[in-house]
Amino acid sequence: SDRRAPASVKQYARKNPHSMGEWSADSKTHVATMSAGDFRHNEQSVTLPEATTARIEHVAEDGTVTVLKESLPLQAGEVLDATKMEKEALTAFLAEQVADAAAQGVLFSVHLKATMMKVSDPIIFGHAVRAYFPSLFETYGQALDDAGISPNDGLGTLLSEIEKLPADQRDAIKAAVEQGLADGPDIAMVDSDRGITNLHVPSDVIVDASMPAMIRTSGQMWNAKGEQQDAKAVLPDSSYAGIYQVVIDDCRANGAYDPATMGSVPNVGLMAQKAEEYGSHDKTFEIEAAGTVRVVDGDGNVLLSHDVAPGDIWRACQTKDVPIQDWVKLAVGRARATGAPTVFWLDADRAHDAQLIAKVERYQQDHDTEGLDIRILAPVDAMRLSLERIRRGEDTISVTGNVLRDYLTDLFPILELG
């Protein structure tokens with residue numbers, strides 16, 4: 001994809017700048033993300049030397065093999081990743097963030113993408129609901145399970161579904177929810193007037209829209225009283241969480257951006273026709289038993305393998321080679337057409353990105369890059385560079401994979417164009 005604001009739209013925004021909330025140097029708003037045990041830290045990646053049809057299987061501790069996905073066609077040169085989110089690490093992290101939000105007096109807010117990560121993120125969301133209401137689930141968790149009520153569906157569904165329970169049980173659970181809200185940290189609200197919290201609906205708070213909105217509003221979200229308040233933005237997986245912390249740090253140090261003068265960050269994204277998968281719905285599994293999940297090729301060779309525990313979320317992702325070549329070609333073309341610095345947002349320390357960096361370096365050789373400023377930077381460094389240039393009114397082309405493409409093509413237009 002090639003996404004950039006038309007010059008006329010950018011000019012209109014500069015002449016008619018939208019409102020931007022003022023930032024305080026004392027803002028407590030920050031991003032909280034995992035430092036181990038998440039998708040980012042458990043990622044493995046391989047480039048396929050030749051075409052094959054693989055399978056994904058779970059091998060239990062007693063040797064029992066369960067096929068999770070029978071047929072996974074893979075092309076030569078394709079990049080295949082696999083990773084896991086460890087339940088134990090996730091639940092410990094979320095409990096820490098609930099306690100820390102209370103200690104700091106900031107809003108507890110969870111930012112996920114349940115609309116695209118349809119398998120993994122509702123599960124993560126459910127763990128966040130449990131972490132915020134520990135007494136509720138300790139006392140009534142089994143009763144809720146027996147009634148088929150899952151925290152993965154959010155607090156709103158829970159409150160709706162308990163209406164079907166016997167009156168005494170329903171009232172006790174309602175009281176436990178109210179007590180949980182009273183005992184827990186202040187919680188970010190989707191709709192303060194109607195009492196809809198950040199934990200009511202998994203798809204209400206979508207990270208790529210919610211984080212720019214927060215940054216545009218002085219780094220604050222709405223509390224239960226309908227007032228703005230500094231927030232703890234909880235993004236459990238650390239793959240891209242750091243880019244938002246860079247923006248928050250920049251605004252805290254330098255104030256809000258000025259739409260009348262700020263530069264642009266157009267994007268060349270690896271997205272079209274499943275060039276790089278986003279949700280990987282058909283290759284994401286919540287693990288039921290301890291053992292090993294592995295990807296095995298047509299000859300019986302193990303391509304990728306993870307030890308797993310019950311409740312872990314395991315997933316795989318495919319990125320095709322021909323679109324990568326076209327992505328590099330388009331990036332070089334935009335660099336040539338604009339003369340702007342063109343940055344591949346890739347982290348050499350991340351397994352998937354390391355495979356892509358090798359391809360980018362190879363495929364750039366197919367093009368004339370003489371005189372062009374083309375760089376490869378880790379996302380946090382790429383963000384830092386882009387923000388420095390934005391404040392000088394300069395443009396920087398971002399060249400990214402599919403998820404970052406989604407995040408950046410909301411972040412920058414919301415800040416630049418409103």
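Here the structure is shown first, and the text comes after it.
Quick caveat: nothing in here was measured; it's all calculated off a predicted structure.

Student: Quick rundown of the pattern of salt bridges? Include the residues and the values.
Tutor: A side chain of one charge can pair with a side chain of the opposite charge when the charged atoms of the two come close. Following the criterion strictly, the structure yields 27 salt bridges and no others. In this structure, E43 and R350 form a salt bridge, with 2.8 Å as the shortest nitrogen-oxygen distance. With E43 in the loop between α2 (39–42) and β3 (44–47) and R350 in the loop between β17 (342–345) and α11 (351–364), this pair connects stretches of sequence that are 307 residues apart. Take E43 and R350: they sit in the same class, and that class is buried. Sharing partners across several salt bridges, the network here consists of K69, E277, D282 and K283.

Student: Which residues make up the sheet that holds strand β13 (residues 284–286), and what values do they have?
Tutor: Spatially, the 4 strands line up as an open sheet ordered β3-β6-β16-β13, and their pairing is antiparallel. Looking at strand neighbours, the two that pair on one side only are β3 and β13, the edges of this open sheet. Taking each pair of neighbouring strands and ignoring which way they run, the sheet shows an average axis angle of 10°. Summarising the sheet, β13 and strand β16 (residues 313–319) pair through 3 bridges and their orientation is antiparallel. By the bridge assignment, T284 is partnered in β16 with R315.

Student: Pulling in residues and values, what's your account of the sheet that holds strand β19 (residues 397–400)?
Tutor: What the 5 strands build is an open sheet, ordered β1-β12-β19-β17-β18; its pairing is mixed. The sheet is open, and its two edges are formed by β1 (2–3) and β18 (374–377), each paired on a single side. As judged from the 4 bridges shared by β17 and β18, these two strands associate in the parallel manner. Paired with V343 across the two strands is R375, which belongs to β18. Contacts from helix α12 (residues 379–391) reach β17 and β18 within the one sheet, and its direction differs from that of β17 by about 150°.

Student: Describe the packing of helix α4 (residues 120–132) against helix α5 (residues 134–146), and please don't skip the residues or the numbers.
Tutor: Where α4 contacts α5, the axes come no closer than 7 Å and their chain directions differ by 125°. Taken together, the axes of α4 and α5 are oblique relative to one another. Here α4 contributes V129, R130, A131 and Y132 to the contact with α5, which in turn contributes P134, F137 and D145. Along the lines of polarity and charge, the residues of the contact of α4 with α5 split into 5 nonpolar, no polar and 2 charged.

Student: Help me get a handle on empty space enclosed by the protein, residues and values and all.
Tutor: Inspection of the entire model under this criterion finds 2 cavities of 30 Å³ or more. When its volume is computed, the largest cavity comes out at roughly 530 Å³. Every residue lining the largest cavity is counted, 30 residues in all, and those nearest its centre are M117, D237, S239, R315 and V403. At the level of elements, β6 (79–85), α4, β16 and α13 (402–417) are the ones that each hand at least two residues to the lining of the largest cavity. Along the lines of polarity and charge, the residues of the lining of the largest cavity split into 15 nonpolar, 6 polar and 9 charged. Reported here for the second largest cavity is a volume of approximately 40 Å³. Forming the boundary of the second largest cavity are Y240, E276, W345, L346, H352, D353, L356, G401 and L404. Residue composition of the lining of the second largest cavity, by class: 5 nonpolar, 2 polar and 2 charged.

Student: Which residues make up the layout of surface pockets, and what are the values?
Tutor: Of the pockets and cavities examined, the largest pocket occupies roughly 490 Å³. If you trace the largest pocket, you find 26 residues lining it, with R4, A5, S264, P266 and D395 closest to the centre. Looking at the lining of the largest pocket, the elements with two or more residues in it are β1, α1 (7–15), β12 (267–269), α10 (321–338) and α13. Examining the composition of the lining of the largest pocket, we find that 6 residues originate from one element, α13, more than from any other. Of the residues belonging to the lining of the largest pocket, the class tally is 12 nonpolar, 6 polar and 8 charged.

Student: Describe the packing of aromatic side chains, listing the residues and the values that go with them.
Tutor: Evaluated as defined, the whole model comprises 6 aromatic pairs. Ring centres of Y132 and F133 lie 4.9 Å apart, and the angle between their planes is 70°; this geometry places the pair in the edge-to-face category. Judged by relative accessible area, which is 2%, Y132 ranks as buried. Judged by centre distance (5.1 Å) and plane angle (90°), the rings of W327 and F344 are edge-to-face. Of this pair, W327 sits in helix α10 while F344 sits in strand β17, and the two are 17 residues apart along the sequence. With a relative accessible area of 3%, W327 lands in the buried category. Seen from the ring of F39, R315 lies directly overhead, with NZ or CZ sitting 3.7 Å from the centre.

Student: Break down the side chain of S120 for me, citing the residues and quoting the values.
Tutor: Within the secondary structure layout, S120 lies in helix α4. On the basis of relative accessibility, which here comes to 2%, the residue S120 falls in the buried class. Polar side-chain contacts of S120 include one of 3.1 Å to the side chain of D121. Discounting residues that sit within four places of it in the chain, S120 has contacts with F39, T284, I313 and R315.

Student: Before we move on, could you go through α12 and cite the residues and values that matter?
Tutor: For α12, built from 13 residues, the straight-helix expectation of 18 Å at 1.5 Å per residue is met to within 8% by its first-to-last C-alpha distance of 18 Å. The complete set of buried residues in α12 reads P379, A382, M383, L385, S386, L387, R389 and I390. Close packing links the buried residues of α12 with α9 (241–254), β17, β18 and α13. Phi for G393, located one or two positions after α12, is positive at around 80°.

Cut-offs and rules
- Residues numbered from 1 in each chain as written.
- Predicted model: local features only at pLDDT ≥ 70, side-chain atom pairs only at ≥ 80, totals over all residues.
- Heavy atoms only, no water.
- Salt bridge = Lys/Arg side-chain N within 4 Å of Asp/Glu carboxyl O.
- Helix = DSSP H or I, 4+ residues; strand = E, 2+ residues; numbered from the N terminus.
- Buried < 20%, exposed > 50% of the residue type's maximum accessible area, 1.4 Å probe, protein only.
- Pairing = 2+ DSSP bridges.
- Axes fitted to C-alpha atoms, helices over the stretch in contact; angles between N-to-C directions.
- Contact = heavy atoms within 4.5 Å.
- Parallel < 35°, antiparallel > 145°, perpendicular 65-115°, else oblique.
- Nonpolar A, V, L, I, M, F, W, Y, C, P; charged D, E, K, R; others polar.
- 1 Å grid on protein atoms, 1.4 Å probe; cavity = no way out; pocket = protein on both sides within 12 Å on 5 of 7 lines; lining within 4 Å.
- Points joined across faces, edges and corners; volume = space filled by probe spheres on them.
- Phe/Tyr/Trp six-rings, centres within 6.5 Å; stacked < 30°, edge-to-face > 60°.
- Lys NZ or Arg CZ within 6 Å of the ring centre and 35° of its normal.
- Polar contact = N/O pair within 3.5 Å; in protein donor to acceptor, adjacent residues only side chain to side chain.
- Expected span 1.5 Å × (residues − 1).

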